[in-house]
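Descriptive structure summary
So the chains spell out like this:
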Amino acid sequence: MKVIEMDAFMEEAIKEAKKGLKEHGIPIGSVLVKDDKIIGRGHNRRVQKGNPIAHAEIDCLQNAGRIGTYKDTILYSTLMPCYLCGGAVVQFGINKVIVGESKTFSGSKDFIESHGVEVIDLDLAECKDLMTKFIQENPHLWNEDIGK
């Protein structure tokens, strides 16, 4: 089994997640990479903006702006994308998604992969610990975020 280590891009996604937590939001972060450069970054801002679709990946894509094609981009997220964000990945033709973890939320991995997107789950303790603690301390916010 090939072991993939955390890289600088996932570290930046984790920084975004921690920004969200400091803002009293949900600690999920994302970065969009093209040609080995971050072209967009974001974090879950649902609570901060009062916007139900201000998920980390959506925030990241909005902050990247119009880039023409997304075919040669990689989306990093600290958590497996939900169906909303997985839909954006498929819609824009992002070919690869690298996630910090999927234990606290399994998300839309099967959906994304069924559309030909490569999904790599790093299964990082730091990402799991961040989400586990948040979910334990804020179950109402978490359940709202995932539609329960």
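In the block above lies the structure referred to throughout.
Model, not experiment: these values are computed from the prediction.

1. Comments concerning the pairing of strand β5 (residues 118-121)
- Alignment of strand β4 (residues 96-99) against β5, held across four bridges, turns out to be parallel. Of the residues in β5, the one forming a bridge with V97 is V119.
- The parallel pair β4 and β5, bridged by helix α5 (residues 109-114), forms a crossover whose chirality is right-handed.

2. As for the pattern of salt bridges
- Taken as a whole and assessed by the stated rule, the structure comprises nine salt bridges.
- Two residues, K96 and E118, come together in a salt bridge whose shortest N-O distance is 3.9 Å. Taken together, the positions of K96 in strand β4 and E118 in strand β5 put the pair 22 residues apart, joining distant regions of the chain.
- The class of K96 is partly exposed, set by a relative accessible area of 24%.
- Among the ionic pairs, K128 bridges to D123, the shortest N-O distance being 2.9 Å.
- With relative accessibility at 34%, the residue D123 sits in the partly exposed group.

So, how was this worked out
- Within any chain, residue numbers begin from 1 and follow the written order of that chain's sequence.
- Per-residue local features of the predicted model are confined to residues with pLDDT of at least 70, and side-chain atom pairs are confined, for both listing and counting, to 80 or more; whole-chain, interface and lining totals are unaffected and use all residues.
- Side-chain metrics rest on all non-hydrogen atoms present in the structure, leaving aside hydrogens and water.
- At least two bridges found by DSSP between two strands are what make those strands a pair.
- Numbered from the N terminus, helices here are DSSP runs of H or I no shorter than four residues, and strands are runs of E no shorter than two.
- Think of it like this: strands point away, you trace from the first strand over the helix to the second, and a clockwise trace means the crossover is right-handed.
- Just to be clear on terms, a salt bridge is a Lys or Arg side-chain nitrogen sitting within 4 Å of an Asp or Glu carboxyl oxygen.
- Only protein chains enter the accessibility calculation, which uses a 1.4 Å probe; a residue whose area is less than 20% of its type maximum is buried, one above 50% is exposed, and one in between is partly exposed.

Interpretation note: all reported values are geometric properties and have no functional meaning in isolation.
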